[in-house]
There are 4 protein chains.
Amino acid sequence: MVIASLTVTPVGTETPSLSRYVAECARVLDESGIKHTLTPMGSVLEGPLEEILQIVQKVHEIPFTQGVKRVSTRLTIDDRRDKKSTAQDKLDSVEKRLEKDK
Amino acid sequence: MVIASLTVTPVGTETPSLSRYVAECARVLDESGIKHTLTPMGSVLEGPLEEILQIVQKVHEIPFTQGVKRVSTRLTIDDRRDKKSTAQDKLDSVEKRLEKDK
Amino acid sequence: MVIASLTVTPVGTETPSLSRYVAECARVLDESGIKHTLTPMGSVLEGPLEEILQIVQKVHEIPFTQGVKRVSTRLTIDDRRDKKSTAQDKLDSVEKRLEKDK
Amino acid sequence: MVIASLTVTPVGTETPSLSRYVAECARVLDESGIKHTLTPMGSVLEGPLEEILQIVQKVHEIPFTQGVKRVSTRLTIDDRRDKKSTAQDKLDSVEKRLEKDK
């Protein structure tokens, strides 16, 4: 299981608003069944690496189906194998330290 | 006002756990007064670009003060000037589209 | 055909030096037959998206086979479909503009 | 001294071609005097962190002066302090290992 952040940016869209593309990508993520959260700068995904890469390929295609001619996609994978650690575990681990040091 | 994502990764830490570094960076962000949210893959910041770049420089220094000898820092800036749009506005805009299309 | 940048960062290594991991990743890229160039901040790859994603998965595994317990991998995909444009074409296009404006 | 990669992406341009924006950013980098190399996926910069952050702010402004209303800028900083290591040193270090293992 890995945690990943994904940002899909359509290029050459005429207007600066990208919400119709982001919404469509979010819908595909929703339908994929992968665990994911929308942030203001992209989506955080959680699952097996192979599955995540398949979804990245799928989501990357979305803006093209909406008429865009160029897409810039960024993926960051955080893969830790000495212990099982979910996205929530990562947040909890930091919060716990912040609390302890207060 | 820009929205930015920031991830500071210490390199050469001997153990895979980075929470003590992330917590210290989070504390500096808290004290900075900048609007920010912790995500499982970094922090989302919101504010004037110049202020954000000053904070990036400050947060990037943290792991060095904790004994780390190499730090990899990633910053993504989303700067939109045709309309005022907060991090929450971006999320709302996508959610609204998702609702409408249901 | 897409152009992509790939950076694989092992986390929790004993020393700040990562060259033995980067060299091993470079060797796998060399053997893969994919068109690629090493830069000081990662590798630039060129090829079909599906093939690139397969190679990303393979290269991401390398530091684990070398004993590392956590790996952070960053991938950026630039996919333009209104015209065929190689990595070299992109550079040439910018150089040509710089020359013209002199 | 740090090594950094910088990519400035204008959003909402009329066409997928970005070379006129990239060329203008390259020109500002050339004039800045900072050591830098253009790659097909961005520029690699080399210099003191403070200077690099000032240049990032300057280059990020360029597409706005050309009429763009939204800019997405990505910066990755690699800062190693246990030894002096230039961008060329990093490449040489990997090449040397690849040679040795042949």
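In what follows, the accompanying structure is described. (Residues numbered from 1 in each chain as written. Chains lettered and ligands numbered in written order. Predicted model: local features only at pLDDT ≥ 70, side-chain atom pairs only at ≥ 80, totals over all residues. Heavy atoms only, no water.)

**Concerning the overall build of chain A**
Okay, step 1: Scanning chain A from terminus to terminus reveals three helices and four strands.
Okay, step 2: Counting from the amino terminus, chain A carries its helices and strands in the arrangement β-α-β-β-α-β-α.
Okay, step 3: Its C-alpha atoms give chain A principal-axis dimensions of about 50 × 30 × 20 Å.
Okay, step 4: Each of the 102 residues in chain A was classed as buried or not, and the buried ones make up 59%.
Okay, step 5: Charge-centre separation for chain A: the mean point of 16 positive side chains lies 3 Å from the mean point of 16 negative side chains. (Helix = DSSP H or I, 4+ residues; strand = E, 2+ residues; numbered from the N terminus. Buried < 20%, exposed > 50% of the residue type's maximum accessible area, 1.4 Å probe, protein only. Lys, Arg positive; Asp, Glu negative; His and termini not counted. Charge placed at Lys NZ, Arg CZ, Asp CG, Glu CD.)

**Comments concerning the sheet that holds strand β2 (residues 35-39) of chain C**
Strands in a sheet are paired, the pairing made by backbone hydrogen bonds, and the direction either parallel or antiparallel.
Okay, step 1: With antiparallel pairing, the eight strands of this open sheet are ordered in space as β2(A)-β3(A)-β1(A)-β4(A)-β4(C)-β1(C)-β3(C)-β2(C). What marks the edges here is a single partner per strand, and that holds for β2 (35-39) of chain A together with β2 of chain C. The sheet shows a mean angle of 20 degrees between the axes of neighbouring strands, taken without regard to direction.
Okay, step 2: Sheet topology places strand β1 (residues 2-11) of chain A next to strand β3 (residues 42-47) of chain A; five bridges connect them, and they run antiparallel. In the sheet register, I3(A) faces β3(A), and the bridge partner there is E46(A).
Okay, step 3: On the sheet, helix α2 (residues 49-65) of chain A packs against β1, β3 and β4 (70-80) of chain A together with β4 (70-80) of chain C and is oriented at approximately 165 degrees with respect to β4(A). (Pairing = 2+ DSSP bridges. Axes fitted to C-alpha atoms, helices over the stretch in contact; angles between N-to-C directions. Contact = heavy atoms within 4.5 Å.)

**Quick look at the interface of chain B and chain A**
Okay, step 1: Counting residues at the interface gives 30 residues for chain B, matched by 30 residues for chain A.
Okay, step 2: Summed over both sides, the interface of chain B with chain A buries roughly 2,600 Å², with 70% coming from carbon and sulfur.
Okay, step 3: The tally of links from chain B across to chain A stands at eight residue pairs in polar contact (both at pLDDT 80 or more).
Okay, step 4: Ranked by residue count, the leading element in the side of chain B that touches chain A is helix α3 (residues 87-100) of chain B, at eight residues.
Okay, step 5: Of the residues assigned to the side of chain B that touches chain A, the class counts are 14 nonpolar, six polar and 10 charged. (Buried area = accessible area lost by both parts, 1.4 Å probe. Polar contact = N/O pair within 3.5 Å; in protein donor to acceptor, adjacent residues only side chain to side chain. Nonpolar A, V, L, I, M, F, W, Y, C, P; charged D, E, K, R; others polar.)

**Some points on the relation of the copies chain B and chain A**
Okay, step 1: Superposing chain B onto chain A takes a rotation of 180 degrees plus a shift of 0.0 Å along the axis, which leaves an RMSD of 0.0 Å. On the angle and the small slide along the axis, the relation comes out as a two-fold axis. Closest to the rotation axis within chain B is the C-alpha of T39(B), separated from it by 4.0 Å.
Okay, step 2: Most of the interface of chain B is mirrored in chain A: 100% of its interface residues are interface residues there too. (Least-squares fit on C-alpha atoms with pLDDT ≥ 70 in both.)

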